[in-house]
Amino acid sequence: MKDLEKYLVVSPEVREAVAAGKPVVALESTIISHGMPYPKNVETALTVEKIIRDCGAVPATIAVIGGKLSVGITPEQIDYLGRRGLAVTKVSRRDLPVICARGEDGATTVAATMILADMAGIRIFATGGIGGVHRGATQTMDISADLEELSNTSVMVVCAGAKAILDLGLTLEYLETKGVPVIGYQTEELPAFYTRKSGLKVDYRMDTPAEIAAAFRAKLEMGLKGSMLVTNPIPEEYSMDHDAIYRVIDEAIAKADELGIHGKAITPYLLDEIQKLTGGESLEANIQLVYNNARLASAIASELVR
Ligand code: PSU
Ligand code: MN
């Protein structure tokens, strides 16, 4: 894959860590540019990296910078992506070739981050929430490319479930069809991002990072491509009131419908609207669950390289 070198830039720290078999955790950048307001987005992204280091792993924040697939970007680049916010193109699988050929910048979604992590040899990725099957998808066919990527690319994703802006039941059905195991960390119930409850069951409950690493190692060793989705409930003290958050989400979706917002703009729009409607409470919950996922992902990464 010599041609890949024209596009892929891996930081020396990340390259050496991967080569030496040290634990590495990938991080996405759409959450920075499109998921949170400045300056909280940058503060959060830098703190997540620190948490991963404190846990004994190496963080690798991923983005497209000046047309380069960049794995392990610098704090200055994180600040740049955070300041520019929505002006940075949200990049999923389909966008990568165009943005690279044009030499532009891109904030990578879960799907694109998995692709770049895989190219760099990173197997574990921590984020907040994944994209999924949207409510009303039977009409709109709005299904995130994240789900296809989970089926195709062998990078484990540690998240807090999926937001109730999605149809969680249909998202689980899609993942089943695509052969993606959904693991609940210390829970049988699928967490719903801001809350620990969804009324839906995960495929398997696992109680330790070692157990999760063993299952993923088995998947890798037998050559079964694709991810394993680890869902980690938001810590109790930060979880939000179920009815209140559902009311806000319903209101945000109604507003988006009225404005005719669709396609790649819908998720960032809803995230922003929810943050406004909850007066920042959801932002704080979002930040805390990302930290929580970074800790779990670091522990799994350490077990995986053992
Ligand atoms: N869900 C969240 N926060 C996010 C995203 C989703 O709770 O920041 C972002 C992630 O980067 C995810 C992307 O990969 O949105 C999904 O967008 P779409 O539905 O357009 O594929
Ligand atoms: Mn979509």
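Residues numbered from 1 in each chain as written. Chains lettered and ligands numbered in written order. Predicted model: local features only at pLDDT ≥ 70, side-chain atom pairs only at ≥ 80, totals over all residues. Heavy atoms only, no water.

A short note on the pattern of salt bridges
For the structure on display, the rule yields 17 salt bridges. Between Arg93 and Glu149 there is a salt bridge, with its nearest N and O atoms 2.8 Å apart. Here the residue Arg93 occupies a position in the loop between strand 5 (89-91) and helix 5 (96-102), and Glu149 occupies one in helix 8 (residues 145-152), the gap between them amounting to 56 residues. Judged by its relative accessible area of 45%, Arg93 falls in the partly exposed class. Put simply, Arg306 and Glu303 hold a salt bridge, and the shortest N to O gap is 3.1 Å. Take Arg306: its relative accessible area is 73%, and that puts it in the exposed class. Taken together, the salt bridges that share partners define one network made up of Arg94, Asp95 and Lys264. (Salt bridge = Lys/Arg side-chain N within 4 Å of Asp/Glu carboxyl O. Helix = DSSP H or I, 4+ residues; strand = E, 2+ residues; numbered from the N terminus. Buried < 20%, exposed > 50% of the residue type's maximum accessible area, 1.4 Å probe, protein only.)

Thoughts on the nonpolar core
In terms of nonpolar packing, the biggest core is built from 104 residues, with Val71, Ile122, Ile130, Leu150, Met156, Ile212 and Leu229 touching the most fellow members. Ranked by residue count, the leading element in this core is helix 13 (residues 281-304), at 12 residues. Filtering out sequence-adjacent residues up to four positions away, Leu229 remains in contact with Ile130, Leu150, Val157, Cys159, Leu175, Val180, Pro181, Val182 and Ile183. (Core = buried A, V, L, I, M, F, W, Y, C linked by side-chain atoms within 4.5 Å. Contact = heavy atoms within 4.5 Å.)

Focus: the side chain of Thr195
Summarising the element assignment, Thr195 is placed in the loop between strand 9 (182-185) and strand 10 (204-206). The contact partners of Thr195, leaving out residues within four places of it in the chain, are Ile234, Ser239, Met240, His242 and Ile245.

Comments concerning the environment of Ile234
On the secondary structure map, Ile234 appears in the loop between strand 11 (229-231) and helix 11 (242-259). Along the sequence, Ile234 and Ile62 sit 172 residues apart, while their C-alpha atoms lie 24 Å from each other. In this structure Ile234 touches Phe193, Tyr194, Thr195, Arg196, Ser239, Ala285 and Leu289, once residues within four positions along its chain are discounted.

Thoughts on the packing of helix 8 against helix 9 (residues 168-177)
In contact at an axis separation of 10 Å, helix 8 and helix 9 are set at 30° when each is read in the N-to-C sense. The orientation of helix 8 with respect to helix 9, classified from their angle, is roughly parallel. Of the two possible hands of crossing, helix 8 and helix 9 adopt the one that is right-handed. Along the contact surface, helix 8 presents Leu147, Glu148 and Leu150, while helix 9 presents Thr171, Tyr174 and Leu175. Looking at side-chain class alone, the contact of helix 8 with helix 9 contains four nonpolar, one polar and one charged residues. (Axes fitted to C-alpha atoms, helices over the stretch in contact; angles between N-to-C directions. Parallel < 35°, antiparallel > 145°, perpendicular 65-115°, else oblique. Left-handed = near helix turned anticlockwise from the far one by under 90°. Nonpolar A, V, L, I, M, F, W, Y, C, P; charged D, E, K, R; others polar.)

Description of the site of ligand 1
Taken together, 14 residues surround ligand 1, and among them Glu28, Lys90, Ser144, Asp146 and Lys163 come closest. At 2.6 Å, a side-chain N or O of Glu28 approaches an oxygen atom of ligand 1. Protein chains bury 93% of the 470 Å² of accessible surface belonging to ligand 1 in isolation. At the level of elements, helix 2 (30-33) and helix 12 (266-277) are the ones that each hand at least two residues to the shell around ligand 1. (Near = heavy atom within 4 Å. Polar contact = N/O pair within 3.5 Å; in protein donor to acceptor, adjacent residues only side chain to side chain. Areas by Shrake-Rupley, 256 points an atom, 1.4 Å probe, with all protein chains shown as cover.)

Some details on the side chain of Asn292
Along the chain, the position of Asn292 falls in helix 13. Residue classification places Asn292 among the buried residues on the basis of a relative accessible area of 16%. Excluding residues within four positions of it along the chain, Asn292 makes contact with Asn232, Pro233 and Pro235.

A closer look at the pairing of strand 2 (residues 24-27)
Residue alternation in strand 2 divides its side chains into two sets, Val24 and Ala26 and Val25 and Leu27, and both sets are buried. Inspection of the sheet shows strand 2 paired to strand 3 (residues 58-65) by four bridges, in the parallel sense. Within the sheet, the bridge partner assigned to Val24 lies in strand 3 and is Val58. By the bridge criterion, three bridges tie strand 2 to strand 7 (residues 124-126) in an arrangement that is parallel. Bridging across to strand 7, Leu27 finds its partner in Ala126. (Pairing = 2+ DSSP bridges.)

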